[in-house]
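An overview of the molecular structure
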Amino acid sequence: MNTIQNIISDAVKTGFALAGYDRELGRVSISNRPDLCEYQSNGAMAGAKKYHQKPMDIANAVVSHLVDMKYEEVQIFSRAEAVMPGFINLNLSGELLGMYLNDMNHDPAMGLEQNKTPKTIIVDYGGANVAKPLHVGHLRSAVIGEAIKRMAAKMGNKVIGDVHLGDWGLQMGLIIAELEDRGKLGEDFTISELEEIYPYASQKAKEKDDNGNLVNAAFAERAHEATRKLQQGDPVYHKVWEQIMRVSVADLKKNYDNLDVHFDLWKGESDAEPYIPGLIRELEDKGLAYESQGALVVDITEPSDPKELPPCMIRKSDGASLYATSDLGTIIEREKLYHPDAYIYVADSRQSLHYTQFFRVARKAGFVKPETGLTFIGFGTMNGKDGKPFKTREGGVLRLETLIRETNDKVLERIRESRGEDMSGAEAEANAKIIGLAALKYGDLSNQATKDYVFDLDKFTSFEGNTGPYILYTIVRIGSILRKYAEAAGLSYADTESFVREHAGDFRILPMEDKSGRDLETLLARYQDELCNAWTELAPHKICTYIYEISNSFNSFYHNVKILAEEDTAKKQSYLAVLMLTWRILTSCIHVLGFNAPERM
């Protein structure tokens, strides 16, 4: 199904061509002045320079061809006019809008066309470290990465999400050395014991006296030696590592499940280890890697760079590999097993240089095909109200499960304030989890990924304003209206999803005369454009903006129009059809963002 913006753009481009101008001047955008028009074209302004004519003369010539232009025998524009200094302002005809919305309404995908040539895309996100609890710093990678993965799948691609665990570094050696000190090597342990052992061992290895000397130098050396032995295949240490992995991964899965974040692969740095010797040899054989101060490095600076970039270090002077080496090994394994068309990495923006370095090495070495996409989405910091990275009241790093619990508790408090005894304790608690997750995820995703944002629990859990709970409240309100209609009409109503699935195509959508209804219909018609643009730009925040606009528009419509009291049967049925389409679009979008709506709030 053609997008509404493509229909308009094709018409305006044809108008430019018929007027004797380059059709590519006929690009159309959503109006930045919705009080004046719905869509606009600035092509006449650009054409004025090219054709040495006044912009208004060009605009008027184009408009003369647009007035009666049709799409599938239906007039496209109710208004097309040239305004100073040369803009073309456009409003859709009610006939076209109605036809388009009815086509959407009868399509299970609501007009969203999937890629005709689906791609295999690996999304690398999460990045948790084994033996460490998830904290607030892990929230953004998980939430943004999950949304990107779902966006890719929505567009028809085959998507593989990989958590890419940190499971092969010094933390393993520290745990092993501490277990040896406690005489517990080979014994079973719980996640609680593991989470106590690692920070204790880490602090023990770093502790210094007043002169700056390590207090436990022998322990630190044994931890390094244990790491080396593990990586060289020591059977005793490898068995302990396997136990650490079992306990940690089970706990990580539980915490990610609470975020409704799910990975297809639970691979880690250890999976890249077998490929590292070979990739180092290949880099050396191709003359890309060379020694610098005892380390092995690869130059990555390109002629187009404004300044010289530091080389990518592949091996340290002591022979140890680094993150870049591990990431290169991971790419080699992924190419061998999955043959992806594109990679998307989601990590802290402060790692930008790292990704630039290893992307360029991978391309120079031919580890990926020239046409393979390598994209880094660097996210900003989640800050407290003081503008500094989010901490506990005591100044420590807040565990992610604590943040989720505090958010759910705040939402539960709001539910009890608004519903009192009207909702059972069990339902209120179940809803608090659903709404709390929406508050957390929408609070994050509604911000542009690259920017820092302030985490404000009171704001994020509010049922008003640009928040996840407000979006859910709108969805629930639609369900409530549909339920009342069903009861009055004697129709069965198990839940909103099943009712909409059964009755969405029952009624015909008519163009609305009321401004709030017209605004809502115009927004709904943009569904495919909005999702496609968000995917093209890898920008989940654009979906948030879209559904916030729809929610505001729907609530204005709800307050201005008596939906169930409407006496004109055709109008009432049209209102109900618009309600169901609105519900479907909002629900589709929140699923892409990674959360759901309850039946009641």
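Just above, that's the structure.
None of the values given here were measured: they were computed from a predicted structure.

On to the overall build of the protein, then. Of regular secondary structure, the protein possesses 22 helices and 15 strands. The dimensions of the protein, computed from C-alpha atoms along their principal axes, are 85 × 70 × 45 Å. For the protein, buried positions account for 53% of its 601 residues. Of the contacts made within the protein by residues no fewer than 6 positions apart, 72% connect residues no fewer than 24 positions apart. Carbon and sulfur atoms provide 48% of the accessible area of the protein, an area that totals close to 27,600 Å². Taken together, the 70 basic and 88 acidic charged side chains of the protein have centroids lying 2 Å from each other.

So, about helix H18 (residues 496-503). Among all positions of H18, only Thr496, Ser498, Phe499, Val500 and His503 are buried. Lining the buried residues of H18 we find helix H17 (468-489) and helix H22 (569-593). The distance from a side-chain oxygen at the start of H18 to the backbone nitrogen of Glu497 is 3.2 Å, and the residue carrying that oxygen is Asp495.

So, about helix H3 (residues 55-66). An ideal rise of 1.5 Å per residue puts 16 Å on 12 residues; H3 measures up with 17 Å between its terminal C-alpha atoms. Looking only at H3, the buried set comprises Met56, Ile58, Ala59, Val62, Val63 and Leu66. Within H3, the buried residues cover an arc of 155° as seen down the axis, which keeps them to one side. Taken together, the buried residues of H3 touch helix H1 (4-18), helix H2 (43-51), strand S5 (77-83) and strand S6 (87-92).

This part covers the pattern of salt bridges. The tally for this structure, following the rule as stated, stands at 39 salt bridges. Here Glu537 makes a salt bridge to Lys542, at a shortest N to O gap of 2.8 Å. A relative accessible area of 46% places Glu537 in the partly exposed class. Residue class for Lys542 comes out partly exposed when judged on its relative accessible area of 28%.

All right, on to the sheet that holds S5 then. As summarised here, the arrangement of the 4 strands in space is S1-S2-S6-S5, forming an open sheet in which the pairing is antiparallel. This sheet does not close on itself; its edge strands, each paired only once, are strand S1 (29-30) and S5.

Here the focus is the packing of helix H6 (residues 170-181) against helix H8 (residues 217-231). It is at 7 Å that the axes of H6 and H8 come closest, and there the two elements cross at 115°. The crossing of H6 and H8 is right-handed. Where H6 approaches H8, its residues Leu170, Met172, Gly173, Leu174, Ile176, Ala177, Glu178, Glu180 and Asp181 are matched on the opposing element by Phe219, Arg222, Ala223, His224, Ala226, Thr227 and Leu230. Of the residues contributing to the contact of H6 with H8, the split by class is 9 nonpolar, 3 polar and 4 charged.

Counting through the fold element by element, Glu146 comes out in helix H5 (residues 139-154). The contact partners of Glu146, leaving out residues within four places of it in the chain, are Tyr125, Ser141, Asp260, Val261, His262 and Lys441.

Side chains of strand S10 (residues 295-298) alternate between two faces, with Ala295 and Val297 and Leu296 and Val298 buried alike. Two strands pair when backbone bridges link them, and strand S9 (residues 289-292) and S10 are joined in this way by 4 bridges, in the antiparallel orientation. Bridging across to S10, Ser292 finds its partner in Ala295. Hairpin connection of S9 to S10: 2 residues between the antiparallel strands, including Gln293 at a positive phi of 55°. Strand direction decides the pairing type here: S10 and strand S11 (residues 312-315), joined by 3 bridges, are antiparallel. Across the sheet, the residue bridging to Val297 is Met313, located in S11.

Conventions used here
Position numbers for residues count from 1 along each chain, tracking the sequence in the order it is written. Local features in a predicted model are, by the rule used here, given only for residues with pLDDT of at least 70; side-chain atom pairs are given and counted only at 80 or more, and totals for whole chains, interfaces and linings are based on all residues. For the side-chain quantities, the full set of heavy atoms in the structure was used; hydrogens and water were omitted. Every helix listed is a DSSP run of H or I at least four residues long, and every strand listed is a run of E at least two residues long, numbered separately from the N terminus. For every residue, the accessible area obtained with a 1.4 Å probe (protein chains only) is divided by the maximum for its type, and the residue is called buried under 20%, exposed over 50%, and partly exposed between those limits. Only heavy atoms enter the contact rule, under which two residues are in contact if any of them lie within 4.5 Å. Computed with the Shrake-Rupley method and a 1.4 Å probe, the accessible areas treat only the protein chains shown as cover for residues. Residues scored as positive are Lys and Arg, those scored as negative are Asp and Glu, and His as well as the terminal groups of each chain are ignored. To locate a charge, take atom NZ for lysine, CZ for arginine, CG for aspartate or CD for glutamate. Here a polar contact is recorded for every N or O atom pair within 3.5 Å, except that within protein the pair must consist of a potential hydrogen donor and a potential acceptor, and residues adjacent in sequence are included only if both atoms are side-chain atoms. A helix is expected to span 1.5 Å multiplied by its residue count minus one. The reported arc concerns the directions from the helix axis to the C-beta atoms and nothing else. Here a salt bridge means any side-chain nitrogen of Lys or Arg lying within 4 Å of a carboxyl oxygen belonging to Asp or Glu. Strands are labelled as partners when DSSP assigns at least two bridges between them. Structural elements are reduced to axes, namely lines fitted to C-alpha atoms, with helices fitted over the stretch in contact, and the angle between N-to-C directions of any two is expressed from 0 to 180 degrees. Here is the rule for handedness: rotate from the far helix to the near one, and if that takes an anticlockwise turn smaller than a right angle the crossing is left-handed, while a clockwise turn gives right-handed. Amino acids are sorted into nonpolar (Ala, Val, Leu, Ile, Met, Phe, Trp, Tyr, Cys and Pro), charged (Asp, Glu, Lys and Arg) and polar (every other residue, Gly among them).

Geometry only, nothing functional implied.
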